[in-house]
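The primary structure of each chain is shown beneath.
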Amino acid sequence: MARKFLFFIAAMVFLGIAGLFALRLWSNELTEIALVPTTEFTAQPALEINAYENPALWLSRPGTGAGNPARWQPAFAEDANAPPAEDDVAAAESVETAPRFAVFFVHPTSYLERSNWNAPLEDQRSQERARLFVQGMASPFRDAAEVWAPRYRQATFGAFLTDKPAASAAIDAAYRDIEQAFDVFVDSVDRDTPIVLAGHSQGALHILRLLQERIAGTRLQDRVAMVYPVGWPISIEHDLPALPLPVCATSDDAQCIATWSTFAEPADPAMLVERFRESPGFDGQKRGDGPVVCVNPLTGTAGGEAPASANTGTLVPNEALDSAELVPGMVPARCAESGLLLIGDPPELGPYVLPGNNYHVYDIPLFWENLRQDVVHRVSEWTKSRP
């Protein structure tokens with residue numbers, strides 16, 4: 001029996017390696033065949049006007065209770081180089097006190113099926129993944145007074161791998177849900193409370209669209225203390241000029257945009273670059289080969305680099321993905337000329353690293369504690385600047 005089990009494992013490893021090899025050789029063709037729906041796009045009915053007043057349509061919001069995934073707090077791993085116990089109080093007192101602020105967070109794609117262009121809200125598997133994403137990616141914002149994270153009829157993963165008109169229609173449909181949820185968020189949050197917009201991957205795209213279409217040039221723009229559209233590349237030439245806020249130049253800046261796309265080295269971003277090059281920017285032109293925005297999450301500055309010692313906590317999950325701990329000093333970070341964020345040798349975080357040493361799934365967990373501190377500091381700076 002043991003020998004049969006070993007043969008099974010060997011076969012699975014072989015198939016996995018063969019699959020990755022094929023993916024590298026015929027990446028576009030294989031990913032489109034495997035993940036892009038072949039069905040026609042069917043417009044989904046609009047949600048009721050007051051749909052997002054129902055707490056069931058939120059993964060996180062005030063009143064969610066003890067099971068709120070955005071309020072999750074991981075444990076710190078034991079550190080042999082940690083300061084003596086008598087220094088713990090002083091270290092805790094040095095952490096900046098969080099001002100009152102509210103976060104609107106949009107989770108990344110958790111629906112991988114080809115049967116629909118948009119995820120049904122009742123799809124249990126995608127909802128379980130979405131909750132896990134909120135736990136790992138929205139929890140750095142747990143110091144906020146309010147964290148709102150909507151469920152939505154997201155575009156399926158394959159919609160981002162093709163230029164079919166149905167893909168754009170699916171992304172637009174997902175955005176309409178987000179827009180509706182955002183209206184409820186704004187109406188519910190006190191008018192004097194600063195707002196932080198955050199999301200990852202597909203969620204980051206929807207956040208950027210909100211910034212363009214619903215916030216730019218309105219009174220609401222002045223309340224936006226920070227924007228974190230992490231994991232969605234922003235072209236400096238074709239995207240940034242169309243956005244109402246600048247990139248964060250220094251760690252003390254507020255009312256700015258901080259984002260990054262993470263690769264270990266040697267980095268091979270060919271799959272990302274090819275698709276991104278041909279996609280239309282926010283100005284309507286192809287994004288081309290120009291650099292993308294990179295705000296280093298370890299320094300809080302546009303560009304630059306920092307050693308692993310500046311990393312105050314990487315979120316490292318266990319094999320079952322039901323627990324994780326923060327490990328300080330695990331990875332460095334350097335913004336390359338292209339705008340990609342490079343982290344040196346590939347760290348061991350789990351099986352979800354994409355081809356080319358693409359750590360997209362781990363964009364936020366790699367810098368969990370630094371992000372938690374960053375948002376508190378920047379909102380504090382925003383608060384100081386208010387009359």
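What you are looking at is a predicted structure, and each value in this text was computed from that prediction instead of being measured. (Residues numbered from 1 in each chain as written. Predicted model: local features only at pLDDT ≥ 70, side-chain atom pairs only at ≥ 80, totals over all residues. Heavy atoms only, no water.)

Here we come to the sheet that holds strand β8 (residues 305-306). Reading across the sheet, the four strands line up as β7-β12-β11-β8 and stay open at both edges, with mixed pairing between neighbours. Edge positions in the open sheet fall to β7 (262-263) and β8, since each of these has one partner strand only. Pairing between β7 and strand β12 (residues 341-342): two bridges, direction parallel. Its bridge partner lying in β12, F263 is registered against L342. (Pairing = 2+ DSSP bridges. Helix = DSSP H or I, 4+ residues; strand = E, 2+ residues; numbered from the N terminus.)

Our focus in this paragraph is the state of the cysteines. In the structure shown here, the tally under the stated rule is two disulfides. Each sulfur of the disulfide joining C248 and C256 lies 2.0 Å from the other. Residues C248 and C256 are joined through a disulfide that is right-handed, its torsion about the S-S bond being 95°. For C248, a relative accessible area of 0% puts it in the buried group. Across the disulfide from C294 sits C335; the S-S distance is 2.0 Å. With the S-S bond torsion at -75°, the cross-link from C294 to C335 turns out left-handed. Placement of the pair is C294 in the loop between α7 (270-278) and β8 and C335 in strand β11 (residues 333-335), with a sequence separation of 41 residues. Grouping residues by exposure puts C294 and C335 together as buried. Taking only the cysteines that form disulfides and numbering them from first to last, the protein chain has the pattern 1-2, 3-4. (Disulfide = S-S within 2.5 Å. Buried < 20%, exposed > 50% of the residue type's maximum accessible area, 1.4 Å probe, protein only.)

Here we take up empty space enclosed by the protein. Per the stated rule, a full pass over the model turns up one cavity of 30 Å³ or more. Estimates place the volume of the largest cavity at around 50 Å³. With three residues, helix α8 (residues 368-384) is the single largest residue contributor to the lining of the largest cavity. Taken together, the residues that form the lining of the largest cavity break down as six nonpolar, two polar and two charged. (1 Å grid on protein atoms, 1.4 Å probe; cavity = no way out; pocket = protein on both sides within 12 Å on 5 of 7 lines; lining within 4 Å. Points joined across faces, edges and corners; volume = space filled by probe spheres on them. Nonpolar A, V, L, I, M, F, W, Y, C, P; charged D, E, K, R; others polar.)

Another aspect to go through is the confidence of the model for the protein chain. Caution applies to low-pLDDT parts of the model: their predicted coordinates are not meant to be read in detail. In this model, the protein chain carries an average pLDDT of 87, and 86% of its residues clear a pLDDT of 70 or more. When the criterion is pLDDT under 50, residues 1-26 qualifies, and its contacts beyond four places in sequence or with other chains add up to nine contacts. Across residues 80-94, where pLDDT falls below 50, the model places one contact with residues more than four positions away in sequence or in other chains. (pLDDT = per-residue confidence, 0-100. Contact = heavy atoms within 4.5 Å.)

Take the pairing of strand β5 (residues 195-200) next. Extensive coverage of β5 is indicated by the burial of six of its six residues. Burial along β5 is two-sided: I195, L197 and G199 and V196, A198 and H200, pointing in opposite directions, are all buried. As paired elements, strand β3 (residues 102-106) and β5 share five bridges and run parallel to each other. Bridge pairing in β5 links F105 to A198.

What follows covers the packing of aromatic side chains. Applying the stated criterion to the full structure yields 12 aromatic pairs. The interplanar angle of 80° and the centroid separation of 5.0 Å between the aromatic rings of W58 and W148 together place this pair among those described as edge-to-face. With W58 in strand β1 (residues 58-60) and W148 in strand β4 (residues 146-150), this residue pair connects regions lying 90 residues apart in the sequence. When sorted by exposure, W58 lands in the same class as W148, which is buried. Through a chain of ring-to-ring contacts, the aromatic side chains of Y52, W58, F104, W148, F182 and F185 assemble into a single cluster. Sitting above the plane of the F282 ring, R287 keeps its charged end 5.5 Å from the centroid. (Phe/Tyr/Trp six-rings, centres within 6.5 Å; stacked < 30°, edge-to-face > 60°. Lys NZ or Arg CZ within 6 Å of the ring centre and 35° of its normal.)

What follows covers the nonpolar core. In summary, soluble globular proteins display a tendency toward joint burial of nonpolar side chains. The biggest cluster of nonpolar side chains holds 93 residues, and the ones touching the most others in it are F104, L197 and Y228. Ranked by residue count, the leading element in this core is helix α5 (residues 165-188), at 11 residues. Core analysis: the second largest hydrophobic core is formed by five residues, W72, L315, A324 and L326 among them. (Core = buried A, V, L, I, M, F, W, Y, C linked by side-chain atoms within 4.5 Å.)

Before going further, it helps to spend a moment on the packing of α5 against helix α6 (residues 202-215). Closest axis-to-axis distance for the α5/α6 pair is 10 Å, and the angle between their directions is 65°. Seen from above, α5 lies across α6 with right-handed handedness. Together, I171, D172, A174, Y175, I178, E179, F182 and D183 of α5 and Q202, L205, H206, R209, L210, E213, R214 and I215 of α6 make up the contact between the two elements. (Axes fitted to C-alpha atoms, helices over the stretch in contact; angles between N-to-C directions. Left-handed = near helix turned anticlockwise from the far one by under 90°.)

This part is about the environment of Q285. With respect to the helices and strands, Q285 occurs in the loop between α7 and β8. Classification of Q285 by relative accessible area gives partly exposed; the value is 47%. In contact with Q285, not counting residues within four places along its chain, are H238, S279 and P280.

Below, the discussion takes up the pattern of salt bridges. Summed over all chains, the structure comprises 15 salt bridges. Among the ionic pairs, D183 bridges to R214, the shortest N-O distance being 2.7 Å. You can see D183 sitting in helix α5 and its partner R214 sitting in helix α6, a full 31 residues away along the chain. Residue classification places D183 among the partly exposed residues on the basis of a relative accessible area of 28%. By relative accessible area, R214 is classed as partly exposed at 28%. Where D289 meets R277, a salt bridge forms, and the shortest distance between an N and an O atom there is 2.6 Å. Separated by 12 residues along the polypeptide, D289 in the loop between α7 and β8 and R277 in helix α7 bring together distant segments of the chain. When salt bridges that share partners are traced, they join D143, E369 and R372 into one network. (Salt bridge = Lys/Arg side-chain N within 4 Å of Asp/Glu carboxyl O.)

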